[in-house]
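Observations on chain architecture
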Amino acid sequence: TQVTALIVAAGSGTRMGGETPKQYRPLAGKALLAHACEALLSHPRITAVRVVIGGGQEELARKALGSLDVGELIIGGRERADSVRAGLAAIDDGIVLVHDAARPFCPPEVVDRLLDALESADGAVPVLAVADTLAKGDRELRGTVNRNQMLRVQTPQAFHIEDLRFAYDEAGSGAPTDESSVMQHAGLKVVTVAGDEDLHKLTTARDWERAEMMLQARMI
Ligand code: CTP
Ligand code: MG
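The rules we used
- Residues numbered from 1 in each chain as written.
- Chains lettered and ligands numbered in written order.
- Predicted model: local features only at pLDDT ≥ 70, side-chain atom pairs only at ≥ 80, totals over all residues.
- Helix = DSSP H or I, 4+ residues; strand = E, 2+ residues; numbered from the N terminus.
- Rg over C-alpha atoms; globule rule 2.2 N^0.38 Å.
- Buried ≥ 20, exposed ≤ 12 C-beta atoms within 10 Å, placed from the backbone.
- Contact = placed C-beta atoms within 7 Å.
- Expected span 1.5 Å × (residues − 1).
- pLDDT = per-residue confidence, 0-100.
- Pairing = 2+ DSSP bridges.
- Near = placed C-beta within 6 Å.
- Nonpolar A, V, L, I, M, F, W, Y, C, P; charged D, E, K, R; others polar.
- Axes fitted to C-alpha atoms, helices over the stretch in contact; angles between N-to-C directions.
- Parallel < 35°, antiparallel > 145°, perpendicular 65-115°, else oblique.
- Left-handed = near helix turned anticlockwise from the far one by under 90°.

Counting its regular elements, the protein chain contains 7 helices and 12 strands. The C-alpha atoms of the protein chain give a radius of gyration of 17 Å, which matches the 17 Å a tight globule of 220 residues would have. Projected onto the principal axes, the alpha-carbon positions of the protein chain cover approximately 50 × 40 × 35 Å. For the protein chain, buried positions account for 38% of its 220 residues. Contacts in the protein chain between residues far apart in sequence, at least 24 positions, make up 70% of those at least 6 positions apart.

As structure tokens, this is what we get:
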């Protein structure tokens with residue numbers, strides 16, 4: 001079967017700040033988007049990598065991607081979910097791995113675990129345990145949540161494409177933060193595999209500095 005990695009890169013990187021959206025900026029000499037694409041292009045079980053970008057960002061994206069083979073660029077939408085929907089409409093049937101361009105390091109073992117798990121589930125996602133105490137509240141605490149029942153959900157997230165298309169059709173016009181919630185809402189079975197700290201999403205300037213230091217120290 002066809003295994004397509006769909007990398008969503010149509011965001012504006014508001015929390016990161018700066019003039020150019022984070023996905024097009026060089027991280028230790030190579031665009032964030034290129035890091036994310038290379039990690040998946042190099043996986044032997046992935047047959048194609050496609051990228052969803054914002055309207056008007058073709059030039060930035062082509063420059064960031066250089067000679068990487070990602071086929072035709074797909075134009076995304078206002079919310080992340082709109083970008084994923086656009087991607088799903090543009091790719092071939094089979095298996096899809098939906099992945100954030102803002103996660104530059106994807107260990108190949110995570111992809112193997114996801115594809116293996118998908119053989120007996122509708123979806124598979126990488127997760128990590130929560131280390132800190134989790135509480136409700138704002139300036140005052142209003143209860144502690146049992147962190148042993150909580151998971152941090154990362155990307156890539158693996159699905160059979162027709163299931164995910166169906167789930168998004170069921171979802172209506174909301175703005176879910178990821179595919180695993182859309183799938184669950186549609187009553188489909190999503191299983192977990194072990195995630196990895198290296199899959200950390202670069203959201204703030206602090207995340208960026210830390211990732212650059214790790215790359216320079218060859219720790220990733
Ligand atoms: N994304 C997308 N289309 C959108 C919004 C987000 O493809 N309309 C992508 C981003 O490019 C990113 C991933 O979804 O690769 C995760 O989103 P996030 O880290 O929140 O990135 P941004 O939305 O760009 O950042 P911010 O929320 O700080 O503006
Ligand atoms: Mg965002």
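Moving on, there is more to tell.
Once that is clear, we can look at helix α7 (residues 205-216). With 12 residues, α7 should reach 16 Å at 1.5 Å per residue; the first-to-last C-alpha distance of 17 Å fits that figure. Once α7 ends, the next one or two residues include Arg218, with phi positive near 55°.

Of all residues in the protein chain, 100% attain a pLDDT of 70 or more, and the chain-wide mean is 96. We note a pTM of 0.97 for the whole complex and an ipTM of 0.99 for its interfaces.

Judged by how many residues are buried, strand β6 (residues 95-100) sits mostly within the fold: 6 of 6 residues are covered. Both faces of β6 are covered, namely the face carrying Ile95, Leu97 and His99 and the face carrying Val96, Val98 and Asp100. As defined by bridge partners, β6 adjoins strand β11 (residues 157-160) across 4 bridges and the pair is classed as antiparallel. Bridge assignment links Val96 to a residue of β11, and that residue is Phe159.

Here we take up the site of ligand 1. Around ligand 1 there are 23 residues in total, and Val8, Ala10, Gly11, Thr14 and Arg15 lie nearest to it. Ranked by residue count, the leading element in the shell around ligand 1 is helix α3 (residues 80-90), at 3 residues. Here the shell around ligand 1 is composed, by residue class, of 7 nonpolar, 9 polar and 7 charged.

Within α3 the residues assigned to the buried category are Arg80, Ala81, Ser83, Val84, Arg85, Gly87 and Leu88. Those residues of α3 that are buried are in contact with β1 (3-9), β4 (48-53), β5 (74-75), β6, α5 (161-171) and α6 (179-185).

Packed helix pairs are specified by the crossing angle of their axes together with the interaxial distance, meaning the distance between the axes. Across the interface, helix α1 (residues 32-41) lies against helix α2 (residues 58-65) with an axial gap of 8 Å and an inter-helix angle of 55°. With respect to α2, the axis of α1 lies oblique. Judged by the twist between their axes, the crossing of α1 over α2 is right-handed. On α2, the residues that touch Leu33, Ala34 and Cys37 of α1 are Ala61, Ala64 and Leu65.

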